[in-house]
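The lines below spell out each chain.
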Amino acid sequence: MGAIFSVEEFSTFDGPGIRMTVFMKGCPLRCMWCHNPEGQSFHSQYVRSQNGCLHCGACLAAGGGILTADSISVCPQNLIRLCGTEISPEAMIQEIEGKLWMLNASGGGVTFSGGEPLAQPDFLMSCLDMLEGKTHRAIQTSGFASKEIFAEALKRCEYVLYDLKLMDSELHKKYTGVDNRCILENYRTLATSGKPFITRIPLIPCVNDTLDNITQTAQFMSQLGVTKVELLPYNKAAGAKYKMLGREYITDFDPSVPPQSHTEVFEHYGIGVKIL
Amino acid sequence: MTERVQRMKRLLLDREYRKERSEEILDFSGDIDAQTDYGIFTAYMQKTLENEKPLFYGDDIFGFNRSYAHSAICEDNGQPCFPSHIPCNNTPDYSLLMKPGLDRVMTELRQKPKNDFYDALIKVLELTLAFCDRYRQAALESGNQKLYDALSNVPRNSPTSFYEACLFQKIIIFILRVTKHEHITYGRFDQYMYPYFKADLDRGVSQEELFETLELYFLSINLDTDTYIGMQAGDNGQSMVLGGFDAAGNSVFNELSRMCMEASLELEVIDPKINLRVSKRTPDEHYRLGAQLTKKGLGFPQYCNDDVVVPGLIKLGYAPEDAIDYTVAACWEFIIPGKGLEAPNVTAMNFPLVVREVIDRHLMDSPDFATLMKHVEQGIIDKIEFLRARYNSLEKLRQHRWYRCSPIMSLMTQGCMESGKDFARFGSHYYNLGCHGAGISTAADSLAAVKKMIYDDQSIDKTTLLTALKNNFEGFAPLRNQLLACPKMGSDDDYVDAIAGQIMDYFAKNLNGKPNNIGGIWRAGTGSAMEYVRFGKVTPATPDGRMNGEPLACSFSPTLQAKPKGPLSTIRSFTKFDLSNIINGGPLTMELHSNVFRNTDGEEKVASLVKLFVLSGGHQLQLNTLNRQQLLDAQEHPEKYPNLVVRVWGWSGYFRELDPEYQNHILQRTQFMV
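Caption draft 1: Main features of the overall build of chain B. Check the secondary structure of chain B and you find 28 helices and 17 strands. A compact globule built from 674 residues would reach a C-alpha radius of gyration of about 26 Å, and chain B, at 25 Å, matches this within 12%. If you line up chain B on its principal axes, its C-alpha atoms span 80 × 55 × 50 Å. Sorting the 674 residues of chain B into buried and exposed places 64% on the buried side. Across chain B, every contact between residues at least 6 apart in sequence was considered, and the portion connecting residues at least 24 apart equals 76%. Taken as a whole, chain B presents about 23,000 Å² of accessible surface, with 48% of it coming from carbon and sulfur. The average position of the 73 basic charges and that of the 86 acidic charges among the side chains of chain B differ by 3 Å.

Caption draft 2: View of the overall build of chain A. For chain A, the count of helices and strands is 10 helices and 11 strands. Scaling as 2.2 N^0.38, a compact globule of 276 residues should have a C-alpha radius of gyration of about 19 Å, and chain A matches this with 20 Å. Each of the three principal axes of chain A carries a C-alpha extent, and together these read 60 × 45 × 30 Å. Taking all 276 residues of chain A together, 51% fall into the buried category. Counting only contacts in chain A whose residues sit at least 6 apart along the sequence, the fraction spanning at least 24 positions is 69%. Carbon together with sulfur atoms contributes 53% to the accessible area of chain A, which is approximately 11,700 Å² in total. Charged side chains in chain A number 24 positive and 29 negative. The centres of these two groups are separated by 1 Å.

Caption draft 3: Structural context of the side chain of Arg177(B). As for its position among the elements, Arg177(B) is in helix H7 (residues 162-178). One buried charge, Arg177(B), has no salt-bridge partner; the nearest side chain with opposite charge is Asp271(B), at 7.0 Å.

Caption draft 4: Geometry of the nonpolar core. Core analysis: the biggest nonpolar cluster contains 262 residues, and Phe112(A), Leu167(B), Phe189(B), Ile380(B) and Phe507(B) have the highest contact counts within it. Take this core: its biggest share by element is 14 residues, from helix H5 (residues 116-141) of chain B. Composition of this core by domain shows at least three residues from each of domain 1 (3-273) and domain 2 (343-563) of chain B. In this view, Phe507(B) contacts Met349(B), Phe351(B), Ile380(B), Ile384(B), Cys435(B), His436(B), Gly437(B), Asn512(B), Ala524(B), Gly525(B) and Ile582(B); residues no more than four positions away in its chain are not counted.

Caption draft 5: The arrangement of the sheet that holds strand E11 (residues 433-438) of chain B in detail. All names here are of chain B. Spatially, E10-E11-E12 is the arrangement adopted by the 3 strands of the open sheet, whose pairing is parallel. Each end of this open sheet is capped by a strand with a single partner; those strands are strand E10 (343-350) and strand E12 (522-524). Averaged over all pairs of adjacent strands, the angle between their axes in this sheet comes to 30°, without regard to strand direction. Along the sheet face, helix H23 (residues 494-511) touches E10, E11 and E12 and points at about 170° away from the line of E12.

Caption draft 6: The arrangement of the state of the cysteines in detail. Counted by the stated rule, this structure contains 0 disulfides over all chains. Cys27(A) carries a free sulfur, and the closest cysteine sulfur to it, the one in Cys31(A), is 6.3 Å from it. Looking at Cys416(B), it has no disulfide partner, and the nearest cysteine sulfur is the one in Cys405(B), 9.9 Å off.

Caption draft 7: Region of the structure containing H23(B). Residue and element names in this part refer to chain B. Taking 1.5 Å per residue as the helical rise, H23 with its 18 residues ought to reach 26 Å, and the 25 Å between its terminal C-alpha atoms agrees with that figure. Within the span of H23, buried status applies to Val496, Asp497, Ile499, Ala500, Gly501, Ile503, Met504, Tyr506, Phe507, Ala508, Asn510 and Leu511. The N-cap of H23, judged by a side-chain oxygen 3.0 Å from the amide nitrogen of tyrosine 495 a few residues on, is aspartate 493.

Caption draft 8: The packing of H7(B) against helix H10 (residues 207-220) of chain B, seen in detail. All names here are of chain B. Where H7 contacts H10, the axes come no closer than 10 Å and their chain directions differ by 10°. Taken together, the axes of H7 and H10 lie roughly parallel to each other. Along the contact surface, H7 presents Phe162, Tyr163, Cys166, Gln169 and Lys170, while H10 presents Leu210, Thr213, Leu214, Tyr217 and Ser220. Tallied by class, the residues present in the contact of H7 with H10 amount to 6 nonpolar, 3 polar and 1 charged.

Caption draft 9: Inspection of the environment of Asn250(B) at higher detail. Residue and element names in this part refer to chain B. Residue placement: asparagine 250 occurs in the loop between strand E5 (239-243) and helix H11 (255-267). Measuring from C-alpha to C-alpha, the distance between asparagine 250 and asparagine 643 comes to 38 Å, with 393 residues separating the pair along the chain. Leave out the neighbours within four places in its chain, and asparagine 250 touches Gly244 and Phe245.

Caption draft 10: Up close: the interface of chain B and chain A. On the chain A side, the residues contacting the 30 residues of chain B number 29 residues. The junction of chain B with chain A conceals about 2,400 Å² of combined surface from both sides, 58% of it contributed by carbon and sulfur atoms. The largest per-residue losses of area from chain B upon contact with chain A belong to Asn481(B), Leu568(B) and Lys605(B), which jointly make up 26% of the total buried on that side. Across the chain B-chain A interface, the total number found is 3 salt bridges.

Caption draft 11: Up close: the pattern of salt bridges. Residue and element names in this part refer to chain B. Under the criterion given, the structure shown has 52 salt bridges over all chains. With its nearest N and O atoms 3.2 Å apart, the salt bridge here joins aspartate 224 to arginine 21. Of this pair, aspartate 224 sits in the loop between H10 and E5 while arginine 21 sits in the loop between helix H1 (3-14) and helix H2 (37-51), and the two are 203 residues apart along the sequence. We classify arginine 21 as buried; its relative accessible area is 6%. Linking lysine 315 and aspartate 578 is a salt bridge whose minimum nitrogen-to-oxygen distance equals 3.5 Å. In this pair, lysine 315 sits in helix H13 (residues 306-315) while aspartate 578 sits in the loop between helix H25 (567-573) and strand E13 (588-593), placing the two residues 263 residues apart along the sequence.

Caption draft 12: Up close: helix H8 (residues 181-191) of chain A. Residues Ile183(A), Leu184(A), Asn186(A), Tyr187(A), Leu190(A) and Ala191(A) constitute the buried set of H8(A). In an axial view of H8(A), the angular spread of the buried residues amounts to 165°, which keeps them on one side of the axis.

Caption draft 13: The arrangement of the sheet that holds strand E9 (residues 197-203) of chain A in detail. All names here are of chain A. With mixed pairing, the 9 strands of this open sheet are ordered in space as E5-E1-E2-E6-E7-E8-E9-E10-E11. Either end of the sheet is taken by a strand with one partner, and the two such strands are strand E5 (85-87) and strand E11 (272-275). Neighbouring strand axes in the sheet, compared pairwise and without regard to direction, differ in orientation by 30° on average. As paired elements, strand E1 (residues 2-8) and strand E2 (residues 19-24) share 4 bridges and run antiparallel to each other. Paired with glutamate 8 across the strands is threonine 21, a residue of E2. Of the strands in this sheet, strand E8 (159-163) and E9 are in contact with H8, which crosses E8 at around 150°.

Caption draft 14: Examining the environment of Tyr196(B) more closely. Residues and elements named next belong to chain B. On the secondary structure map, tyrosine 196 appears in helix H9 (residues 194-202). With a relative accessible area of 10%, tyrosine 196 lands in the buried category. The contact partners of tyrosine 196, leaving out residues within four places of it in the chain, are Met98, Lys99, Ser158, Pro159, Ser161, Phe162 and Ala165.

Caption draft 15: Focus on the packing of aromatic side chains. All names here are of chain B. Across all of its chains, the model carries 35 aromatic pairs over all chains by this definition. Seen from their ring centres, phenylalanine 131 and tyrosine 135 are 5.5 Å apart, and the 65° between their planes marks the pair as edge-to-face. Taken together, the positions of phenylalanine 131 and tyrosine 135, both in helix H5 and 4 residues apart, correspond to about one turn of that helix. Neither phenylalanine 131 nor tyrosine 135 differs from the other in exposure class; each is buried. Aromatic rings pair up to connect Phe62, Tyr94, Tyr163, Phe189, Tyr192, Tyr217 and Phe218 into one cluster. Above the face of the tyrosine 163 ring, lysine 146 is positioned so that its terminal group lies 4.5 Å from the ring centre. Over the aromatic face of phenylalanine 245 sits the side chain of arginine 281, whose NZ or CZ is 4.8 Å from the ring centroid.

Caption draft 16: Local environment of unusual backbone geometry. Residue and element names in this part refer to chain B. A cis amide bond links valine 154 to the next residue, proline 155, at an omega of 0°. As for its placement among the helices and strands, proline 155 is situated in the loop between helix H6 (145-151) and H7. A cis amide bond links aspartate 271 to the next residue, proline 272, at an omega of -5°. Among the secondary structure elements, proline 272 is positioned in the loop between H11 and strand E6 (273-278). Although it is not a glycine, asparagine 472 sits at a positive phi angle of roughly 55°. For asparagine 472, the position within the fold is in the loop between helix H21 (462-470) and helix H22 (477-484). Positive phi, normally seen in glycine, also occurs at aspartate 492, with a value near 60°. Inspection of the secondary structure puts aspartate 492 in the loop between H22 and H23. Here aspartate 492 falls in the buried class, since its relative accessible area comes to 16%.

Definitions and cut-offs
- Residues numbered from 1 in each chain as written.
- Chains lettered and ligands numbered in written order.
- Predicted model: local features only at pLDDT ≥ 70, side-chain atom pairs only at ≥ 80, totals over all residues.
- Heavy atoms only, no water.
- Helix = DSSP H or I, 4+ residues; strand = E, 2+ residues; numbered from the N terminus.
- Rg over C-alpha atoms; globule rule 2.2 N^0.38 Å.
- Buried < 20%, exposed > 50% of the residue type's maximum accessible area, 1.4 Å probe, protein only.
- Contact = heavy atoms within 4.5 Å.
- Areas by Shrake-Rupley, 256 points an atom, 1.4 Å probe, with all protein chains shown as cover.
- Lys, Arg positive; Asp, Glu negative; His and termini not counted.
- Charge placed at Lys NZ, Arg CZ, Asp CG, Glu CD.
- Salt bridge = Lys/Arg side-chain N within 4 Å of Asp/Glu carboxyl O.
- Core = buried A, V, L, I, M, F, W, Y, C linked by side-chain atoms within 4.5 Å.
- Domains from an automatic or database assignment.
- Pairing = 2+ DSSP bridges.
- Axes fitted to C-alpha atoms, helices over the stretch in contact; angles between N-to-C directions.
- Disulfide = S-S within 2.5 Å.
- Expected span 1.5 Å × (residues − 1).
- Polar contact = N/O pair within 3.5 Å; in protein donor to acceptor, adjacent residues only side chain to side chain.
- Parallel < 35°, antiparallel > 145°, perpendicular 65-115°, else oblique.
- Nonpolar A, V, L, I, M, F, W, Y, C, P; charged D, E, K, R; others polar.
- Buried area = accessible area lost by both parts, 1.4 Å probe.
- Arc of directions from axis to C-beta.
- Phe/Tyr/Trp six-rings, centres within 6.5 Å; stacked < 30°, edge-to-face > 60°.
- Lys NZ or Arg CZ within 6 Å of the ring centre and 35° of its normal.

Here's what the structure looks like:
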């Protein structure tokens, strides 16, 4: 079984063509800027949309102080839902199957994203196996996984969207909660595998948009012969979903500062830049 | 965009020119000494034209702008004797006047027997020519040499250039407007204008010059839109259909079609509202052009799928050569240009109300869902017969302001000159009536909820549901949440989509082809027009979780209560039926968040999405690009967004000029984003 929290049907930024993107629930990283906080926990969670909330308290009363299944039914505005579904690979594929011809006709396919898809390797591999030969398969990953798991996933997909967040391992730990050694290692594997892929950098103001980090990243990429990168400038709306989970969005950087893209540095290293 | 076009666009958008019109409301009551329809028509036309003054804005090369902001009043004993809404929602055959020129038409008319009909036609042409002569003189006096020269030829003679052809049409449109014709559309502009366009090209006129002429023409037809507003500002019927296929299946999308798309893309104004005819043979590049236009957020192009529409019209009895020439009326109703007077929007079926009434009356005594559906079918039949009876004679149609005679429209309708009969008195071919099918999704979702909770899961009892509905769910929040969680159209769920199919089948099978007593038949459709708000107001709570008075979905779309899985599922949900059986018109409407278009990939993907819709067998598609934040801000600060355009139902208008309930409906629709 796998845990997912959403299936998007028209994700225009997760690979070529029209794609269905399966957002898998659970991530070993805790990026400070994470805009999909519901993708962090591996467990299902009750969430409450803020827009339209009357603050009547019926949901908490029904759940004895927390949100529960009972909270869903009593909300007069129908704002509460369970985020996260346990699903078998077979059921997952069944949901996608009817739309495969549409995805294929547009030159698209299926992307597994998250959360972190590599954190649920059994489910991921089964899904990818079942889609073999049927559509274009992609994974969108932080690269945080053992090299065995990464290699297995790599064998089973046609395209990889790979995040590089921070080159400095201490800073990486500080901002994502994990060491970046295996990430850089797996990136080397990817870059030399011959598999089509795209490198993506979320640009976070004053965190990884520094000249230092960008230069190190560009150097690292160019040494591996990588010639293109996609930059995702930090979006001020990133914190929008925390309240829904009853959490506060806390950052030690100033979200209102527009991030620097330093495209000239990438270009200096022969890397073409696309800003998403 | 040339400087001249830029100047004209600025003039249009800052709206100052409107002050040059007179705000006076002329009153012809008592001045019109005529009894017959034609007598009143020509007298009204004569008086109006006598008062209209030639008005040029800037270096306008088209003129024929209204010099009065309001139409003249003309009453007899307190009743309007020349009401607006006279023949509306129709596309004439402009070439019937344009090809020969008015002089030749006049010569032909003078050889006809003398009677009221032919006299009226002659009078209308004489008045038009006299007015054009005055215009010509005014053009000379104001130094507008280009317009003066052109008016020396048109509309007396056939146009000798694309510019003259556009001017010719502008004159006709002006005459139609001052005689209170509403929602007269441009039809297949790229086809009937093409000979003039091509002749210019062959003569060596540059693409740039032709493009400038076209852009100036498009701007020119926007100048007076505020003087004929239909149901809401922007609902003016200025639709245009581009592309399509000939009988052999070859695309007729030409250089002019492309130029119209490009002009619309560059100008970003509400008119003309572009419809693009597509099919499984449409090249990807046309979809890309369409997607670029969708990105602008104007709510067009709207797509019509020839693969479904043409066979559908043939099934309804249209000759294949006419079906292939179809166009859309003001919003989306499929009609044949210049071949009759069809009223595809004469009435509408309120499906949710039928369903609610059936549930109130028959839920208790329906032991199973199949029995309930039999009652639904009967309810739909009863409603059909009620609506048919309301319009089953010319007399009744006239009471509802339909089927008024028009000498001008008769001049542009095939067969009228020959038969000596007005286009509204059956001088031409097609006299069909259409019935919209409003709220199909609300009706299907409601029945799906009943099927699931009452019959399949038996999770609630009938009395509870009936009580909850009666009380508008007050005190029944948990039940309403359960109902809201039932299958909804838009998520590719056969459970509910199959019910929608049944409803549409009942509607089509019991209405299509039924005689209408004026020599035509009835046609069933999937549109809603403004009824999505009006019917919503009069329809009590429905078992899909919709509360009293809440609006329905616009045309053929998921309800506001539904949370569709995504655009692919929505396309599948709404294309599971043979839509050629319900082809009066009415699009699937989908809202895209503007961030879909954050980069050029977005255009490519939206183009693919439209293609998938066409390959899936959809009949009509309308895409909106919206930015919720921006619309909310525009509600708060309308002054910041004077020219923000949105699609409303079958047409686009300026957001700030819409009634709040229509603004809110747009805000409540699901926006697909990334």
